[in-house]
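Close look at the chain arrangement
Residue strings, one per chain:
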Amino acid sequence: MATQLRVPTVPITELEQSAFCRTDESLDSKSLAEEFDAGVRWQKLPISYLKARPEELNIRITEARAQLGDRLVVLSHHYQRNEIIKFADLRGDSFKLSQYAASQEEAEFIIFCGVLFMAETADLLSSPAQKVVLPNLEAGCSMADMAHIDDVLDCWDDLQETLSDFGGVVPITYMNSTAAIKALCGRNGGIVCTSSNAAATFKWAFERGDRVLFLPDQHLGRNTAVKLGIGLDEMLVWNPFKPLGGHTADELKKARVILWQGHCSVHTRFTVAQIEEAREKYPDVNVIVHPECFLETVQAADANGSTEFIIDTIGNAPSGSVWAVGTEISLVNRIGQENPDKTVFCLDSVVCPCSTMYRIHPAYLAWVLDGLNEGVVVNQISVDDQTREEARVALNRMLAVV
Ligand code: SF4
């Protein structure tokens, strides 16, 4: 049994999340040097990019892209700033983008404007000849950072030792996790899920074992289990900094779902009080949230679902309808801009973009594109062969399920 205790740490990105929060509603980019004042971690880059104004960067990116032509595809997650989105060949959620990347076999380079786990997934699914680039290596994800592979391996060993005579445990990891955790799931009979197919993967897992270990987002795991009729008294949260996750062996034996103690620092900002406030202001409001929100928030909302579900639901809604949305602000603003016949606003009145997504400043995009034109691949993300093979097993299981 793994008994060595680790020192509790709060991922820096969690602490930094509030650094970009503002009340003036404006998310327009400034020069990177000015944005450095937010006091968060940024990857160092040459000074000419640091000082360049957004208009200048716009020209530099346009020219560099044109020079590279079909040699690359630029992918952008929905949570990226508009100044990045406009250069994307495709925008989408992490899985849609990775699938697209895999289909673009002729592209030599895949520039992934998102966060690290997404670039890793694109590398897992693309051909070995293709190179995946993450413009800023500091663009991690606070949720993914909450499940360090060493802690997850300790947890897995503890569960095997404690529960080996009491039915199997099937690991499910959310797409928002490192390649190492996807690999752990692949070699231990587990599976990957997205926010749109989590319920299907739970059913798949319960056909193969008595329990689920769900990583790394406790909220998506809890919301999914409740949706499937599993009681809160059949779930527990695994704290990686306590022996046996903070539980007795008997408690573990009784649990059907073991939730990793992780969360999204963006989606846990949305509360029932905000929903009540929105309903008071707009009696006809439709409240839609992401399933990474707290259970109470999801239950108080009118609908919940993945990023693509939120976009499609509002896009297909009748003209004149009113929407309060519990997801990342850059996306909420864009949905509003693209649906001018509807009222769309964020549940949280404080404007807080995902602090790690926001680190893909146009200066970084210009820097990596210029590098490619000069024959230098800056910030390549490359997963080792064994991890790639095992992680692909878990990803392929998901593809066979949904
Ligand atoms: S929105 Fe949440 S889960 Fe998504 S990248 Fe940001 S911190 Fe991670």
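What counts, and at which threshold
Residues numbered from 1 in each chain as written. Predicted model: local features only at pLDDT ≥ 70, side-chain atom pairs only at ≥ 80, totals over all residues. Helix = DSSP H or I, 4+ residues; strand = E, 2+ residues; numbered from the N terminus. Rg over C-alpha atoms; globule rule 2.2 N^0.38 Å. Contact = placed C-beta atoms within 7 Å. Buried ≥ 20, exposed ≤ 12 C-beta atoms within 10 Å, placed from the backbone. Arc of directions from axis to C-beta. Near = placed C-beta within 6 Å. Domains from an automatic or database assignment. Pairing = 2+ DSSP bridges. Axes fitted to C-alpha atoms, helices over the stretch in contact; angles between N-to-C directions. Parallel < 35°, antiparallel > 145°, perpendicular 65-115°, else oblique. Left-handed = near helix turned anticlockwise from the far one by under 90°. Nonpolar A, V, L, I, M, F, W, Y, C, P; charged D, E, K, R; others polar.

**Quick notes on the overall build of the protein chain**
Looking only at helices and strands, the protein chain features 19 helices and 14 strands. For 402 residues, the compact-globule formula gives about 21 Å, and the C-alpha radius of gyration of the protein chain, at 21 Å, lands near that figure. For the protein chain, the spread of C-alpha atoms along the three principal axes comes to 65 × 55 × 40 Å. Sequence-distant contacts, at least 24 apart, represent 70% of the contacts inside the protein chain between residues at least 6 apart.

**Here we look at helix H14 (residues 272-281)**
Regarding H14, the residues found buried are Gln-274, Ile-275 and Ala-278. What you see down the axis of H14 is that its buried residues fit within an arc of 100 degrees, all on one side. Summarising the geometry of H14, the exposed residues directed more than 90 degrees from the buried face are Ala-273, Glu-276 and Glu-280. Residues of H14 that are buried sit in contact with strand S10 (286-289), helix H15 (295-300) and strand S12 (322-326).

**Considerations on the site of the ligand**
Around the ligand there are 13 residues in total, and Cys-141, Met-143, Cys-264, Val-266 and Cys-354 lie nearest to it. If you count residues domain by domain, the shell around the ligand takes at least three from each of domain 1 (30-140 + 356-383) and domain 2 (144-265).

**Some words on the sheet that holds strand S13 (residues 343-346)**
With respect to topology, four strands assemble into an open sheet ordered S11-S10-S12-S13, the strand pairing being parallel. Each end of this open sheet is capped by a strand with a single partner; those strands are strand S11 (303-304) and S13. Relative to S12, S10 runs parallel, the two being bridged by four bridges. In the strand pairing of S12, Val-287 is matched with Ala-324. Helix-sheet contacts for helix H17 (residues 329-338) involve S12 and S13, and the interaxial angle to S13 is about 170 degrees.

**Here we look at the packing of helix H10 (residues 179-187) against helix H19 (residues 385-401)**
It is the contact of H10 with H19, at a shortest axis distance of 7 Å, that shows an interaxial angle of 65 degrees. Judged by the inter-axis angle, H10 sits roughly perpendicular to H19. Two packed elements cross with a definite hand, and for H10 against H19 that hand is left-handed. Taken together, the residues of H19 that come into contact with H10 (itself represented by Ala-179, Ala-180, Lys-182, Ala-183, Cys-185, Gly-186 and Arg-187) are Thr-387, Glu-390, Ala-391, Arg-392, Val-393, Ala-394 and Leu-395. Partitioned by chemical class, the residues of the contact of H10 with H19 number eight nonpolar, two polar and four charged.

**As for the domain arrangement of the protein chain**
Domains assigned within the protein chain are domain 1 (30-140 + 356-383), domain 2 (144-265) and domain 3 (267-346). Contact residues are listed per partner, giving eight residues for domain 1 and eight residues for domain 2. At the level of secondary structure, the elements contributing two or more residues to the side of domain 1 that touches domain 2 comprise helix H6 (94-103) and helix H7 (116-125). Partitioning the side of domain 1 that touches domain 2 into residue classes produces four nonpolar, three polar and one charged.

**Describing the sheet that holds strand S2 (residues 90-92)**
Reading across from one edge, S2-S1-S3-S4-S14 is the order of the five strands in this open sheet, with mixed pairing throughout. In this open sheet, the two edge strands, each paired with only one partner strand, are S2 and strand S14 (380-381). Direction of pairing for strand S1 (residues 72-77) relative to S2: parallel, over a ladder of three bridges. From the neighbouring strand, Ser-76 faces S2, where its bridge partner is Arg-91. Of the strands in this sheet, S1, S2 and strand S3 (109-113) are in contact with H6, which crosses S1 at around 170 degrees. Across the sheet, H7 lies against S1, S3, strand S4 (131-133) and S14, angled at about 155 degrees from S3, the strand it touches most.

**Things to note about the pairing of S10**
In the sheet, S10 pairs with S11 via two bridges, with the strands oriented parallel. By the bridge assignment, Val-289 is partnered in S11 with Asn-304.

**A look at the pairing of strand S7 (residues 211-215)**
Counting buried positions along S7 yields five of five residues, so the element is predominantly enclosed. Alternating positions in S7 separate into two faces, Arg-211, Leu-213 and Leu-215 on one and Val-212 and Phe-214 on the other, with burial throughout. When strand S5 (residues 169-174) meets S7, the two strands line up parallel, connected through five bridges. Across the sheet, residue Ile-172 finds its bridge partner in S7, namely Phe-214. Pairing geometry for S7 and strand S9 (residues 257-260), over three bridges, is parallel. In the strand pairing of S9, Val-212 is matched with Val-257.

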